[in-house]
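Listed below are the residues making up each chain.
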Amino acid sequence: MTGQARRWNGWGFADVTFTLPDAARAWLSRRLGGGESMAAVAEAAIALPDARSVGDLGAAVASDPSRRLRHACGASFPDLVALRTGTIAAFPDAVAFPETAGEVVAVLRAATAAGVRVVVRGGGTSVVGGVTVARDDRPIVVLSLDRLSGLTSLDPVSRLAGFGAGTLGPAVEAALAPHGLRLGHEPQSFDLSSVGGWVATRSAGQRSTGIGKIDELVAGLEVATVDGLWRLPALPASAAGPELRRLIVGSEGRFGVITEATLRVRPLPMHEDGVVVLMPGWEAGVTACRELIQAGVAIEVLRLSDPTETSFAQTLIHLSPVAARVSGLLFRTKRFREGCALLLGWTGTPAEVRSARLAAAEIWRTHGGLAVGRGGWRRWRGDRFHHPYLRDTLLGQGWGVDTFETAATWSDLPALHASVRAALDDAGRSSGLGVAVLCHLSHAYTDGASHYFTFFWPLRAGRAVADWRALKEAATRGLLAAGGTLTHHHGVGTMHAPYLGDEIGPHGLHVLRAVAAASDPAATLNPGVLLGEEEEGERVEGRGDMAATAGERDASRRAVSEAGATGEEEAGERGEGRGERGEKGVDEPDPRLGGERVGLDSPLTPLPPTPGGREGD
């Protein structure tokens, strides 16, 4: 996809769109009602302020309006609204394009000396404010990693490959394929996101159940700091102190600029296959997923859509009359009235794939599953990187959509699913909005799995970001109260930074701030990202709506579990017994969230578009 023009005010490439089928439009209208369409302003209508001087940065620099506009925002919902309406809060004063790691060091030194802020940008696909330029009294330069790209080293014996941080997903696989190798890291943003961004945000790919998150694929790193290049060599393992590679993975540019990563690669598979299995309900599907993973069945792709997501998915595909009739009959049976689509994928030799499928079949059949064919798998393989384009389409038709993800232990997952859905339902009622909540389980581990939520709501003129903020804040409170992680693979960015202490504690924040101060003493890099901008005391205190003590969090989790441990209760039942999750009403949005063609063998598609993250499903 190299050479394709990126859309300046939305997701992806300018020549790719997502058309919403009539059935999907009807599905949303029934549940949400109609909203107010958000028109897109012309680029020429956006007036940029004069650029402030950034001085000589020691690398190529551009300050023309077009590039400043295209490097002002990431890909979060508020970013998308800002670009679409021309209400962009701030622009960089310049964009730097270093071509070597040495030039990155030069930029950091010059910017630090001149008091210039630096926002590091890879593919620009952050959905959590990780690359969004904010207002600042100091000049701001975006440091683009576009030109630090390509395969830099290859050790086929050790199966290690080095890549420049700006290398995009397709270029990674294209460089490895002639050597019979692959990385296999395929986030939904695969076409647009970069190696450096993956590492900086601890991303997950759609094959991570079998291949692992990027954490497990990083063997060595090179990081640019104001003091020079910091190299952490590729090693299979080490006991030489804490694992500093892991400290950089997920650091989101606060501890330095990742300029190169050495990654663990593997041979190209001889064979690939997949299937969609219809499970009789969410609880049965989750149990089957857990048993598949804990039994050690070889699976590369695993995704289970809940009944609402499965229902919406059916509206997005065109079925032949016969397939549509079969699908309708299946979902009207008592067994599959609350059916959930489970997507499974395998790679290996034909014999290995067949063996894994047979082992998996024993488990899904035990829990009432019915294989409905390979057609859904083939459709998912072909369409999966197009799903985020749905956000732009929906904005033009009057609906907002956003995603977020979390993870928890298998024991906590039922309460997590119920808690988040209840929190969004409650927030919607309080705001006078219809809300549709979809979820799928993916990225499974022996001790737990991730949940990826998608939520829709009708747009109201002038309130798009305010309504989003109320829903997002409620969902964040809901997942933390139920024991979920703040983020499984999108990263912290600025959007989640105020809540980081709820997961890692005050001492954890203190440790991370100390590392940031040692690596970037002038606070030049990525202002507000990961650790926020407030003074230490302000960051930790004054947040009583987010469980202030471990005891309160435990009490809240127990209440959630008692209210709805199976995730099957009605919305009203889910809403009770949850006062411990927060005092603040949802009508008072938390300001911390920013300003802002299946064959007859398969009548199903396993997944709806999940218009989300830079690094994820």
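Starting from 1, residues in each chain are numbered consecutively following that chain's sequence as written. Reporting in this predicted model follows two pLDDT cut-offs: at least 70 for local features of residues, and 80 or more for side-chain atom pairs to be given and counted; totals over whole chains, interfaces and linings ignore these cut-offs and use all residues. Side-chain figures throughout are based on the complete set of non-hydrogen atoms in the structure, without hydrogens or water.

A. Here's a closer look at the overall build of the chain. To qualify as a helix, a DSSP run of H or I must reach at least 4 residues; to qualify as a strand, a run of E must reach at least 2; elements of each kind are numbered from the N terminus. Scanning the chain for helices and strands turns up 21 helices and 18 strands. Out of the 617 residues in the chain, the part that is buried amounts to 59%. Total accessible area on the chain stands at roughly 23,000 Å², and carbon and sulfur atoms take up 52% of it. Remark: exposure states derive from per-residue accessible area (1.4 Å probe, protein chains only) relative to the maximum for the residue type, with buried under 20%, exposed over 50%, and partly exposed in between. Areas reported here follow the Shrake-Rupley algorithm with a probe of radius 1.4 Å; residue values treat only the protein chains shown as occluding.

B. Structural context of the sheet that holds strand S1 (residues 60–62). DSSP calls a pair of strands paired once it identifies at least 2 bridges connecting them. Judged by pairing direction, the sheet is mixed, and its 4 strands sit side by side in the order S1-S2-S4-S3 without closing on themselves. Taken across any chain shown, the strands that pair with only one partner, and hence form the sheet edges, are S1 and strand S3 (117–121). Within this sheet the neighbouring strands show an average axis-to-axis angle of 30 degrees, counted without direction. Relative to strand S4 (residues 140–144), strand S2 (residues 94–97) is paired through 3 bridges, and the arrangement is parallel. In the sheet register, Ala 94 faces S4, and the bridge partner there is Val 141. Here, residues are in contact when the closest pair of their heavy atoms is within 4.5 Å. Between N-to-C directions, angles cover 0 to 180 degrees, with each direction set by a line fitted to C-alpha atoms, over the stretch in contact for helices. Across the sheet, helix H4 (residues 101–114) is in contact with S2, S3 and S4; its angle to S4 comes to roughly 170 degrees.

C. Molecular detail of the packing of helix H3 (residues 77–85) against helix H17 (residues 464–481). The contact between H3 and H17 brings their axes to 10 Å, and the two run at 180 degrees. Put simply, H3 runs roughly antiparallel to H17. When H3 is examined against H17, the residues Phe 77, Pro 78 and Val 81 are found in contact with a partner set consisting of Ala 464, Val 465 and Trp 468. Residue classes follow a fixed rule: Ala, Val, Leu, Ile, Met, Phe, Trp, Tyr, Cys and Pro count as nonpolar, while Asp, Glu, Lys and Arg count as charged, and any other residue, Gly among them, counts as polar. Tallied by class, residues from the contact of H3 with H17 come to 6 nonpolar, no polar and no charged. Throughout, the term roughly parallel applies to angles under 35 degrees, roughly antiparallel to angles over 145, roughly perpendicular to angles from 65 to 115, and oblique to all others.

D. Layout of the environment of Ala 418. Relative to the helices and strands, Ala 418 is located in helix H16 (residues 413–431). By relative accessible area, which is 5% here, Ala 418 ends up buried. Counting along the chain gives 60 residues from Ala 418 to Gly 478, while the straight-line C-alpha distance between them is 9.0 Å.

E. A look at the sheet that holds strand S12 (residues 271–279). Strand order in the open sheet made by the 7 strands is S15-S12-S14-S13-S17-S18-S16, with antiparallel pairing throughout. Two strands in the sheet have a free side with no partner beyond their single neighbour: strand S15 (370–371) and strand S16 (399–409). Two strands pair when backbone bridges link them, and S12 and S15 are joined in this way by 2 bridges, in the antiparallel orientation. Opposite Val 277, over in S15, you have Ala 371 as the bridge partner. On the sheet, helix H14 (residues 375–383) packs against S12, strand S13 (301–305) and strand S14 (340–348) and is oriented at approximately 115 degrees with respect to S12.

F. Layout of the packing of aromatic side chains. Stacked, edge-to-face and tilted labels apply to pairs of Phe, Tyr and Trp rings (six-membered ring for Trp) whose centres lie within 6.5 Å, assigned for plane angles under 30 degrees, over 60, and everything in between, in that order. Scanning the model with the defined rule gives 9 aromatic pairs in all. Judged by centre distance (5.9 Å) and plane angle (55 degrees), the rings of Phe 404 and Phe 455 are tilted. Of this pair, Phe 404 sits in strand S16 while Phe 455 sits in strand S18 (residues 448–458); the two residues are 51 residues apart in sequence, bridging distant segments of the chain. Its relative accessible area of 3% is what places Phe 404 among the buried residues. Either the NZ atom of lysine or the CZ atom of arginine qualifies as a charge over a ring when it sits within 6 Å of the ring centre and within 35 degrees of the ring normal. Taking NZ or CZ as reference, Arg 384 lies 5.0 Å from the ring centre of Trp 380, over its face.

G. Highlighting the pattern of salt bridges. Salt bridge, as used here, is a side-chain nitrogen of Lys or Arg placed within 4 Å of a carboxyl oxygen of Asp or Glu. Across all of its chains, the model carries 22 salt bridges by this definition. Notably, a salt bridge pairs Glu 43 with Arg 70, separated by 2.6 Å at the nearest N-O pair. Of this pair, Glu 43 sits in the loop between helix H1 (22–32) and S1 while Arg 70 sits in helix H2 (residues 65–70), and the two are 27 residues apart along the sequence. With relative accessibility at 31%, the residue Arg 70 sits in the partly exposed group. Counted as one network, the salt bridges with shared partners bring together Arg 182, Glu 186, Arg 207, Glu 272, Glu 300, Arg 381 and Arg 384.

H. Fine view of the pairing of S3. Burial of S3 is extensive: 5 of the 5 residues sit out of reach of the surface. Of the two faces of S3, the one lined by Arg 117, Val 119 and Arg 121 and the one lined by Val 118 and Val 120 are each fully buried. Bridging between S3 and S4 involves 5 bridges; their strand directions are parallel. Bridge assignment links Val 120 to a residue of S4, and that residue is Leu 143.

I. A look at unusual backbone geometry. With phi around 60 degrees, Arg 159 is a residue other than glycine that occupies positive phi space. Residue placement: Arg 159 occurs in the loop between strand S5 (151–155) and strand S6 (160–164). Backbone geometry places Ala 523, a non-glycine residue, at a positive phi of 55 degrees. Mapped onto the secondary structure, Ala 523 falls in the loop between helix H18 (500–519) and helix H19 (536–540). Residue Ala 523 is classed as partly exposed on the basis of its relative accessible area, which comes to 33%.

J. The nonpolar core, seen in detail. What makes a nonpolar core is a set of buried Ala, Val, Leu, Ile, Met, Phe, Trp, Tyr and Cys residues whose side-chain atoms join them at distances within 4.5 Å. Membership of the largest hydrophobic core comes to 83 residues, with the highest contact counts inside it found for Leu 302, Leu 344, Leu 441 and Phe 456. A per-element tally of this core places H17 first, with 8 residues. Contact partners of Phe 456, with chain neighbours within four places excluded, come to Leu 28, Leu 32, Phe 312, Leu 390, Leu 394, Gly 400, Val 401, Gly 434, Val 435, Ala 436 and Leu 438. With 33 residues, the next largest nonpolar core counts Ala 200, Ile 214, Phe 255 and Val 492 among its residues.

K. Fine view of the packing of H3 against helix H15 (residues 390–397). At a closest axis distance of 12 Å, the pairing of H3 and H15 adopts a crossing angle of 55 degrees. With respect to each other, H3 and H15 are oriented oblique. The element H3 and its partner H15 pack so that their crossing is right-handed. Between H3 and H15, the residues in contact are Phe 77, Leu 80 and Arg 84 and Arg 391, Asp 392, Leu 395 and Gly 396, respectively. Split by residue class, the contact of H3 with H15 holds 3 nonpolar, 1 polar and 3 charged. Left-handed is the label given to a crossing in which the near helix is rotated counterclockwise from the far helix by less than a right angle, and right-handed is the label when the rotation is clockwise.

L. Geometry of H4. Taking 1.5 Å of rise per residue, the 14 residues of H4 would be expected to cover 20 Å, and the 20 Å separating its terminal C-alpha atoms lies within 8% of that figure. Three or more residues of H4 are buried, namely Ala 101, Val 104, Val 105, Val 107, Leu 108, Ala 110 and Ala 111. On its buried face, H4 sits against S3, S4, strand S8 (218–225), strand S9 (228–232) and strand S10 (257–264). Two residues or fewer past H4, Gly 115 is found with a positive phi of approximately 70 degrees. Expected span of a helix, by definition, is 1.5 Å for each gap between consecutive residues, and there is one gap fewer than residues.

Fair warning: the whole summary comes from geometry, so function is off the table for now.
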